[in-house]
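The lines below spell out each chain.
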Amino acid sequence: MSNPFDIKNQRTFDENTQKLVAAIDKINNTPSLPATIAELSRLTGLHRNAISNRGWPNQKLKLIKEKRKAQKQAETKPTINKNPIKVLEERLDNAKNELVYWFNRNLDNEKQIKQLEINLERMSLARNDYETMLKNERIKSMELTKQLEQLKNLIS
């Protein structure tokens, strides 16, 4: 005769399996639900490790993910029968837009270069002024040093 605990464990196992099957079907039929063990855990109330230990739910989720990926790729394939004139017109429009972008970028760079040249000229003039002021101050300093020496000589 079987142990009563074994019977209860088997019953719980079967109930959890039914919950997992129902949740996997719901995930499969509802694209807005992510095909993850965490979502399966949320839907069934089982712990993620309990789901992962079974193995087969993870395989089913992988199949659902692959199916969704294939559907997405099928939806995003462009139609091959486009009018060649429209394709060329789109390319021409894109080229025009790119030309306008680079033209404006060039104008901005030219403005920036002009401003930098003006700043360089101002800095050069300021440097020259400061060099002249430095020369004058050195000359004054030398004259004051000479006067100081002369005064020291007179005192001593």
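Up top you'll find the structure we're talking about.
Residues numbered from 1 in each chain as written. Predicted model: local features only at pLDDT ≥ 70, side-chain atom pairs only at ≥ 80, totals over all residues. Heavy atoms only, no water.

Draft legend 1. Seen up close, the pattern of salt bridges. A complete count under the given rule lists 2 salt bridges for this structure. A salt bridge links R42 to E39; the nearest nitrogen and oxygen atoms lie 2.5 Å apart. Within this pair, R42 and its partner E39 are both found in helix α2 (residues 37–44), separated by 3 residues, close to a single helical turn. (Salt bridge = Lys/Arg side-chain N within 4 Å of Asp/Glu carboxyl O. Helix = DSSP H or I, 4+ residues; strand = E, 2+ residues; numbered from the N terminus.)

Draft legend 2. Helix α4 (residues 56–76), seen in detail. If you check α4, its first and last C-alpha atoms are 31 Å apart, about what 21 residues at 1.5 Å a residue would give, namely 30 Å. Taken together, the buried positions of α4 are P57, L61 and I64. Relative to the axis of α4, the buried residues are bounded by an arc of 60° and lie together on one face. Along α4, exposed side chains directed more than 90 degrees from the buried face belong to Q59, L63, E66, K69 and A74. (Expected span 1.5 Å × (residues − 1). Buried < 20%, exposed > 50% of the residue type's maximum accessible area, 1.4 Å probe, protein only. Arc of directions from axis to C-beta.)

Draft legend 3. Quick peek at the side chain of S41. Along the polypeptide, S41 turns up in helix α2. Within the structure, S41 has its side chain in polar contact with the backbone oxygen of L46 (distance 2.5 Å). Each residue touching S41, except ones within four places of it in the same chain, is listed here: L46, H47, R48 and I51. (Polar contact = N/O pair within 3.5 Å; in protein donor to acceptor, adjacent residues only side chain to side chain. Contact = heavy atoms within 4.5 Å.)

Draft legend 4. Spatial organisation of the packing of helix α1 (residues 4–29) against α2. Contact pair α1 / α2: the axes reach a minimum separation of 9 Å and the direction vectors enclose 120°. As the angle between them shows, α1 and α2 are arranged oblique. Handedness of the α1/α2 crossing: right-handed. Mapping the contact onto sequence places K19, L20, A23, I24, K26 and I27 in α1 and E39, L40, L43 and T44 in α2. Across the contact of α1 with α2, the residue classes break down as 6 nonpolar, 1 polar and 3 charged. (Axes fitted to C-alpha atoms, helices over the stretch in contact; angles between N-to-C directions. Parallel < 35°, antiparallel > 145°, perpendicular 65-115°, else oblique. Left-handed = near helix turned anticlockwise from the far one by under 90°. Nonpolar A, V, L, I, M, F, W, Y, C, P; charged D, E, K, R; others polar.)

Draft legend 5. Spotlight on the environment of D108. Here D108 shows up in helix α5 (residues 84–155). Once the C-alpha coordinates of D108 and D93 are considered, the two residues, 15 residues apart in sequence, prove to be 23 Å apart.

Draft legend 6. A look at the packing of α1 against α4. Where α1 contacts α4, the axes come no closer than 11 Å and their chain directions differ by 5°. It follows from the interaxial angle that α1 and α4 lie roughly parallel. Where α1 approaches α4, its residues T17, L20, V21, I24, I27 and N28 are matched on the opposing element by W56, P57, K60, L61, I64, K67 and R68. The residue makeup of the contact of α1 with α4, split by class, is 8 nonpolar, 2 polar and 3 charged.

Draft legend 7. Examining the environment of P57 more closely. Positionally, P57 belongs in helix α4. Apart from residues lying up to four places away in sequence, P57 is in contact with L20, I24, L40 and I51.

Spatial relationships are all this shows, so hold off on functional conclusions.
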